[in-house]
Amino acid sequence: LWPWLLASSGLSALAQLVTLPFFPDSPSYLLIQKGNEEACRKAIRKLWGEGDHQAEIDDIMKEKGAMASTKTLRVLEVIKERSLRWQLYILMIVMSTLQLCGINAVFHTAKFEEYLIPYVSLGVGLCECLSSILCSTLIDRFGRKVLLWGGYSLMGSVLALLTVTLSLQHRFFWMHYFSVILIFLFVVFFGTGP
């Protein structure tokens, strides 16, 4: 059953591959990148039907003007730019903490039974979907900073509890299941915070 589940994701990719040539190009791509206003109008008519779409074209032209006034920086220029230095430091710290969070070691240390592994993987995937839904609704309400602090705090707490459950897994048979629940919570907090 597992190979079929894995192969099912290929069906949507195949459907996209077959139908993609029949979709029109993006109107903004045609106008901004290609500079072809007639092709842009044709794509808009194909997407939204007949009618006056001058307001949409004007919006795309405003976007083109805004893009022309901003300078694209190379990586070395971003590093050298003093006004971007704090954002760069914060980004580097957040990304390094994401890499060093230890979730891969937890999967290795937990030593799940062979029959549980597909269910744990499925549960982690569902938790990632749930966390992306939660994040998109919570970020507008609380802001990014609160989600980062809360996510890191909750992830640390869950990892502390997970350390206890992993050290006690040989004494109590049900600790494996509690560890799975904690891993699911970790993934949700990981997805909603950092």
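Residues numbered from 1 in each chain as written. Predicted model: local features only at pLDDT ≥ 70, side-chain atom pairs only at ≥ 80, totals over all residues. Heavy atoms only, no water.

The name an unreviewed UniProt entry gives the chain is GTR7 protein, with Chloropsis cyanopogon as the organism. Heading Subcellular location (unreviewed entry) of the UniProt record for the chain holds this comment: "Membrane". (UniProt positions renumbered as here; feature names shortened; annotations may be inferred.)

Visitor: Sorry if this is basic, but what is going on with the environment of S121 here?
Guide: Its place among the elements puts S121 in helix α8 (residues 117-142). Classification of S121 by relative accessible area gives partly exposed; the value is 37%. (Helix = DSSP H or I, 4+ residues; strand = E, 2+ residues; numbered from the N terminus. Buried < 20%, exposed > 50% of the residue type's maximum accessible area, 1.4 Å probe, protein only.)

Visitor: Help me understand a nonpolar patch on the surface, please; the structure alone is not making it clear to me.
Guide: Taken together, the side chains of Y115, F172, F173, W174, Y177, F178, I181 and L185 define a hydrophobic patch exposed on the protein surface, amounting to about 850 Å² of accessible area. Checked against the element boundaries, F178 lands in helix α10 (residues 175-192). With a relative accessible area of 34%, F178 lands in the partly exposed category. (Patch = residues over 30% accessible without salt bridge, like charges linked within 9 Å, V, L, I, M, F, W, Y side chains within 5 Å. Areas by Shrake-Rupley, 256 points an atom, 1.4 Å probe, with all protein chains shown as cover. Salt bridge = Lys/Arg side-chain N within 4 Å of Asp/Glu carboxyl O.)

Visitor: Mind showing me how you'd approach the packing of α8 against helix α9 (residues 144-167) here?
Guide: The relative placement of two packed helices comes down to the angle between their axes together with the axis-to-axis distance. For the pair α8 and α9, interaxial distance at closest approach is 7 Å and the crossing angle is 120 degrees. Of the residues in α9, those touching α8 at C135, L138, I139 and F142 are R144, V146 and L147. (Axes fitted to C-alpha atoms, helices over the stretch in contact; angles between N-to-C directions. Contact = heavy atoms within 4.5 Å.)

Visitor: In this structure, what is going on with the UniProt feature "transmembrane region" (unreviewed entry) in the chain? I would like to understand it.
Guide: UniProt tags residues 6-24, 88-110, 116-139, 146-168 and 174-192 as "transmembrane region" (unreviewed entry). Across residues 146-168 one finds 96% helix and 0% strand; the C-alpha atoms that close the span lie 33 Å apart.

Visitor: Whenever I open this one, the pattern of salt bridges confuses me. Can you help?
Guide: Any two side chains of opposite charge can pair, given that their charged atoms come close. Throughout the structure, instances matching the rule amount to 2 salt bridges. In this structure, the salt-bridge partner of E37 is R41, at a minimum N-O distance of 2.9 Å. Taken together, the positions of E37 and R41, both in helix α3 (residues 37-48) and 4 residues apart, correspond to about one turn of that helix. Given a relative accessible area of 35%, E37 falls into the partly exposed group. R45 is the salt-bridge partner of E38, the closest N and O atoms lying 3.7 Å from each other. Relative accessible area serves as the criterion here: at 51%, E38 is assigned to the exposed category. Relative accessible area serves as the criterion here: at 31%, R45 is assigned to the partly exposed category.

Visitor: What am I meant to see in the nonpolar core here?
Guide: Considering soluble globular proteins, one finds that nonpolar side chains tend to be buried as a cluster. Residues V124, V158 and L162 are the most contacted members of the largest nonpolar core, which totals 14 residues. Looking at this core, the elements with two or more residues in it are α8, α9 and α10. Looking at this core element by element, the count peaks at 7 residues for α10. One finds I32, C40, A43 and I44 within the second-largest nonpolar core, a separate group that totals 8 residues. (Core = buried A, V, L, I, M, F, W, Y, C linked by side-chain atoms within 4.5 Å.)

Visitor: It is not clear to me how the packing of aromatic side chains should be interpreted in this structure. Could you clarify?
Guide: We describe a pair of aromatic rings using the distance from one ring centre to the other and the angle between the two ring planes. Using the criterion set out here, one finds 1 aromatic pair in the structure. Centroid distance W86 to Y89: 5.8 Å. Interplanar angle 90 degrees. Geometry classified as edge-to-face. Note that W86 and Y89 are positioned in helix α6 (residues 85-99) at a spacing of 3 residues, about one turn of the helix. (Phe/Tyr/Trp six-rings, centres within 6.5 Å; stacked < 30°, edge-to-face > 60°.)

Visitor: Quick question: what am I supposed to make of the side chain of S179 here?
Guide: Note that S179 resides in helix α10. Exposure remark for S179: the relative accessible area of 1% places this residue in the buried category. There is a polar contact of 3.1 Å between the side chain of S179 and the side chain of T165. Once you skip the residues sitting within four places of it in the chain, S179 turns out to touch L162, T165 and L166. (Polar contact = N/O pair within 3.5 Å; in protein donor to acceptor, adjacent residues only side chain to side chain.)

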